[in-house]
Amino acid sequence: MTGQPEVQVQVDEEATARDAADRLLTALAEAQAARGSASVVLTGGGIGIGMLREVAALVDGGSRRDDVDWGAVEVFWGDERFVPAGDAERNDAQAREALLDALPLDPGRVHPMAASDAPEDAGGGDPDLAADAYAKTLSAAASRLGGGAAIPAFDVLLAGCGPEGHVLSVFPDSPAVHAAAAGVVGVRDCPKPPPTRVSLTLPAARHAREIWLVAAGDGKAEALARAHGGASEVDVPIAGLRGTERTLWLLDEAAASQL
Ligand SMILES: O=C(O)[C@H](O)[C@@H](O)[C@H](O)[C@H](O)COP(=O)(O)O
């Protein structure tokens, strides 16, 4: 597991999202060159989706379009809002609108978390059932992509940061942050609406080769400083983000202002 994160700072949120997009295209292309496949874990939130729009701008007819063999990219989610399919609140709905629907992805390699109105045997109706269903999805993928028996060695896991240091749908001193096992959990009474979600645990996220925390705005500065200063992951969950090969914080000047 890597030590302190590598921090890269851009002038503002737009530049941070563009930098993250440029880096993601390079990382996916490098993963495919090295291993013949590439896997990315997407997240939600303003900059999590904003960077996907920047990827779309880079690949839309531009020189970067053919950098990545999109049919060989595996797409996962680090967390999802447990609402009906197609609900605009869903992270996968926002990702599809921002980027995915414009790419020649293999639908069989795009792995959304269950919607609340999915059939029960597909994880619908209860966030714990959805978590169990996603754990099975990850286990099947792990056998194809490599990594531990249950969790793939994701090439890049993207994460945002809340003002109190939450990441994915893992909040300070919550049941999810105390989940010691590498897995997927149902989240209830989430402080950030909508209240019911499904999320990877921090130990599951730490299977990723690279974890990129992408954050902007002075509202994140204190949490980032606390995490960088040694706070526990229970108190500041972003402190628990450590990739097996690299941990990268992509920040704007405001978010980095207290480091
Ligand atoms: O589903 C979600 O809401 C995200 O997974 C969440 O973890 C988000 O990334 C952070 O809350 C940052 O969101 P902003 O970038 O909008 O501040």
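Heads up: these notes are all about the structure in this document. Everything numeric in this text was worked out from a predicted model, so none of it was measured. (Residues numbered from 1 in each chain as written. Predicted model: local features only at pLDDT ≥ 70, side-chain atom pairs only at ≥ 80, totals over all residues. Heavy atoms only, no water.)

Points about the packing of aromatic side chains
- A complete count under the given rule lists one aromatic pair for this structure.
- Ring centres 5.3 Å apart and planes at 65° place the aromatic pair Phe-76 and Phe-154 in the edge-to-face group. In this pair, Phe-76 is assigned in strand S3 (residues 73–77) and Phe-154 in the loop between helix H4 (127–145) and strand S6 (156–159), connecting sequence segments 78 residues apart.
- Classification of Phe-154 by relative accessible area gives buried; the value is 1%. (Phe/Tyr/Trp six-rings, centres within 6.5 Å; stacked < 30°, edge-to-face > 60°. Helix = DSSP H or I, 4+ residues; strand = E, 2+ residues; numbered from the N terminus. Buried < 20%, exposed > 50% of the residue type's maximum accessible area, 1.4 Å probe, protein only.)

Remarks on unusual backbone geometry
- Here the residue pair Pro-193 and Pro-194 is connected by a cis peptide bond, since its omega of -5° sits within 30 degrees of zero.
- Structurally, Pro-194 is set in the loop between strand S7 (184–187) and strand S8 (197–200).
- We note that Leu-168 has phi near 55°; this positive angle belongs to a residue other than glycine.
- In this fold, Leu-168 is placed in the loop between S6 and S7.
- One non-glycine residue, Asp-189, lies in the positive phi region at around 55°.
- Inspection of the secondary structure assignment puts Asp-189 in the loop between S7 and S8.
- Accessibility expressed as a relative area gives 71% for Asp-189, which makes it exposed.

Considerations on helix H2 (residues 46–59)
- Look at H2: 20 Å from first C-alpha to last across 14 residues, which is about the 20 Å you get at 1.5 Å a residue.
- Those residues of H2 not exposed but buried are Ile-47, Gly-48, Ile-49, Gly-50, Met-51, Leu-52, Glu-54, Val-55, Ala-56 and Val-59.
- Of the residues one or two after H2, Gly-61 is the one with positive phi, at around 75°. (Expected span 1.5 Å × (residues − 1).)

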